[in-house]
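# Summary of the model geometry
Read off the chains here:
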Amino acid sequence: MIRRILRYPEPLLKKVATAVPQIDGALVGTIDDMVETMYAAPGVGLAAPQIGLSQRVIVLDVDHENKGTHLLKIVNPVIAEREGEIVWEEGCLSVRDYVAEVTRSARVLVRGYTPDQQEIAIEGTGLLAVALQHEIDHLDGKLFLDRISRLKRDLYRRRLKKMERDGREPPARRESLI
Ligand code: NI
């Protein structure tokens with residue numbers, strides 16, 4: 001089932017999500033919904049808080065041309081190693097009509113669990129490294145807007161308010177959103 005994606009400035013997006021104590025059937029179903037919602041958006045990644053569930057779960061697929069072959073579903077992901085620096089132009093399914101360059105680690109090693117309770121370790125560089133860090137940020141109540149300058153953030157806030165005042169919904173964009 002495709003879920004509604006919460007959008008900035010929805011308060012739940014600022015909340016630190018809790019660790020999953022046990023993976024049950026309901027959660028597995030929710031994770032499948034997250035995958036469906038991510039592909040439908042379309043987006044490269046989605047974190048559970050974005051669909052209103054404040055738990056530490058993320059899904060990612062950086063290769064939509066071969067949908068599913070690189071699909072990742074990670075429960076309780078933790079960044080175990082990070083290295084280097086990369087600047088990437090990021091957007092977010094929860095942030096309308098805005099992209100900005102963000103500096104992140106160039107390589108990360110993320111540990112966590114699959115929905116069938118296997119331990120996994122995912123190493124990512126490039127877009128995968130960026131997307132892993134972006135999604136884990138969502139679990140910590142952070143958006144990429146929190147990683148840009150205050151000036152840029154305030155400009156965006158003003159633009160968003162004006163957009164809402166005008167009752168104007170921006171057209172869907174084509175670039176990959178995380
Ligand atoms: Ni996002």
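Right, let's walk through the structure included here. Remember, predicted model here, so these are calculated numbers, not experimental data. (Residues numbered from 1 in each chain as written. Predicted model: local features only at pLDDT ≥ 70, side-chain atom pairs only at ≥ 80, totals over all residues. Heavy atoms only, no water.)

What follows covers the coordination of the nickel ion. Distances from the nickel ion to its protein donors, Cys92 (SG), His134 (NE2), His138 (NE2) and Ile178 (O), fall within 2.1 to 2.3 Å. For the nickel ion, the 4 donor atoms are set out with angles of 84 to 150 degrees between them, so the coordination reads as irregular. One chain supplies every donor for the nickel ion, spaced along it as C-x41-H-x3-H-x39-I. Of this pair, Cys92 sits in strand β4 (residues 86–92) while His138 is found in helix α2 (residues 126–139), placing the two residues 46 residues apart along the sequence. You'll find Cys92 and His138 in the same group, each marked buried. (Donors = N, O, S within 2.8 Å, 3.2 Å for Na, K, Ca; no water. Tetrahedral: all angles 85-135°; square planar, octahedral: opposite > 155°, others 65-115°. Helix = DSSP H or I, 4+ residues; strand = E, 2+ residues; numbered from the N terminus. Buried < 20%, exposed > 50% of the residue type's maximum accessible area, 1.4 Å probe, protein only.)

This part covers the pattern of salt bridges. A full pass over the atoms with the stated rule returns 15 salt bridges. Between Arg3 and Asp33 there is a salt bridge, with its nearest N and O atoms 2.9 Å apart. You can see Arg3 sitting in the segment before α1 (25–40) and its partner Asp33 sitting in helix α1, a full 30 residues away along the chain. Owing to a relative accessible area of 26%, Arg3 belongs among the partly exposed residues under this scheme. Residues Arg157 and Asp154 are paired through a salt bridge, measuring 3.1 Å at the closest nitrogen-oxygen approach. Remark: Asp154 and Arg157 occur in helix α3 (residues 150–165); sequence separation between them is 3 residues, near one turn of the helix. For Arg157, a relative accessible area of 34% corresponds to the partly exposed category. Judged by relative accessible area, Asp154 falls into the partly exposed class, the value being 26%. (Salt bridge = Lys/Arg side-chain N within 4 Å of Asp/Glu carboxyl O.)

With that settled, consider the environment of Val59. With respect to the element layout, Val59 can be found in strand β2 (residues 57–60). Sequence spacing of Val59 and Glu135 is 76 residues, and the spatial spacing of their C-alpha atoms is 8.2 Å. Residues within four places of Val59 in sequence aside, it is in contact with Ile31, Met34, Val35, Met38, Val44, Gly45, Leu46, Leu72, Lys73 and Glu135. (Contact = heavy atoms within 4.5 Å.)

Note that all results are geometric; they support no functional claim without further evidence.
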